[in-house]
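Fold and geometry: a report
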Amino acid sequence: MKLIYSKISLLFFIAEVYGYSTGAPEPGCITLEPGHGNPPRDNQENPYHLQVKELGTRLEIILKGSGWLIVETFRGFIIQVRQNSDDAIIGSFDINSSSSAQYGACSLPQNTVTHLSSDDKTSVSVIWNSPRNFHGQVYVTASVVQDYNNYWVDFRSDIIDIKKTTEPEPEPEPEQETEPEPEPETDERAKLESKIKPKHVIYDGCFETKGCFGYPALCEVTEDCQVVASWRQVTTTTTTTTNSLKKCVVRDF
């Protein structure tokens, strides 16, 4: 009888030491206590700490042990984010598939994370999401179980301001480009074209079939002479044509 009683006592002791190996008990959602029966350790002597990085309306939360070459391990934990005004649990968590965390069975889905097993851990990382359109102050709180006799309850991060982000307005669709309509001819353009004088026939054949001389110099090339004369040799007779701005005089020599 003594041997059987000793075995039963040993099994009870082992179960008691590891406590809730698959997560914190439901009453711990409010008190954050593991329910081991022993009083928690003083948070002034806590070898664990919270690292919080703001990512807009999200928070990256890392719970880890202190130390460099040898890091303090822990077996159990519970993490929440609460409003600073009334300590109400708020928001939701995201856990990646390789994490040693799971969602706790608290008031709302995914508003608490706790340990998946009682294996030793050096750190755990989770992402917290703010409720939509929430604006206010929050803090991260955690409890950590090192072993049955050593655990720390409700140690907190600094106060964090969560600012509401407005959704960007949708960009307007680009307007379809239309080909510009051809500009109608204006009266001014018609008047300008009417002032352009046609080339005088006296310039035809200058320096090719006949000689030309005009005033001012080189006006025979630009065809804008004030006075111009041309000549052509026809058998024994030379024909000379003279033109001015007002009239054209043709003379035969």
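These notes cover the structure that comes with them. Because the structure is predicted, anything quoted here is derived from the model rather than measured.

The 4 strands are arranged E1-E2-E7-E4 in an open sheet whose pairing can be described as antiparallel. Unpaired on one side and paired on the other, strand E1 (48-55) and strand E4 (92-94) mark the two borders of the sheet. Each strand axis lies, on average, 30 degrees off the axis of its neighbour in the sheet, ignoring direction. Pairing of E4 with strand E7 (residues 123-129), which is carried by 3 bridges, proceeds in the antiparallel orientation. Its bridge partner being in E7, Phe93 is matched across the sheet by Trp128.

Now for the pattern of salt bridges. Under the defined criterion, the tally for this structure stands at 4 salt bridges. For the salt bridge of Arg58 with Asp94, the shortest nitrogen-to-oxygen distance reads 3.0 Å. Of the two residues, Arg58 sits in strand E2 (residues 58-65) while Asp94 sits in strand E4, which places them 36 residues apart along the sequence. Relative accessible area serves as the criterion here: at 32%, Asp94 is assigned to the partly exposed category. Between Arg75 and Asp120 there is a salt bridge whose closest N-O contact spans 3.4 Å. Here the residue Arg75 occupies a position in the loop between E2 and strand E3 (76-83), and Asp120 occupies one in the loop between strand E6 (113-115) and E7, the gap between them amounting to 45 residues.

For the rest of this paragraph, the subject is the state of the cysteines. Enumeration over the complete set of coordinates arrives at 3 disulfides. Across the disulfide, Cys29 is cross-linked to Cys106 (sulfur-sulfur distance 1.9 Å). Judged by the sign of its S-S torsion, about -90 degrees, the cystine formed by Cys29 and Cys106 is left-handed. Of the two residues, Cys29 is situated in helix H2 (residues 28-31) and Cys106 in the loop between strand E5 (101-103) and E6; the sequence distance between them amounts to 77 residues.

The rules behind each value
- The residue numbering used here restarts from 1 in each chain and proceeds along that chain's sequence as written.
- The model is predicted, so local features are restricted to residues of pLDDT at least 70 and side-chain atom pairs to those at 80 or more, both for listing and for counting; the totals for chains, interfaces and linings are taken over all residues.
- Hydrogen atoms and water are omitted, and side-chain values are computed over all heavy atoms in the structure.
- Criterion used throughout: strands pair if DSSP finds at least two bridges between them.
- Runs of E in the DSSP output that reach at least two residues are strands. Runs of H or I that reach at least four are helices, and both are numbered from the N terminus.
- Axis definition: a line fitted to C-alpha atoms, limited for helices to the stretch in contact. Angles are taken between N-to-C directions and run from 0 to 180 degrees.
- Within this document, salt bridges are pairs made up of a side-chain nitrogen of Lys or Arg and a carboxyl oxygen of Asp or Glu, the two lying within 4 Å of each other.
- Categorising residues by exposure relies on relative accessible area from a 1.4 Å probe, with only protein chains included: less than 20% of the type maximum marks a residue as buried, more than 50% marks it as exposed, and the intermediate range marks it as partly exposed.
- Only a pair of cysteine sulfur atoms within 2.5 Å counts as a disulfide in this structure description.

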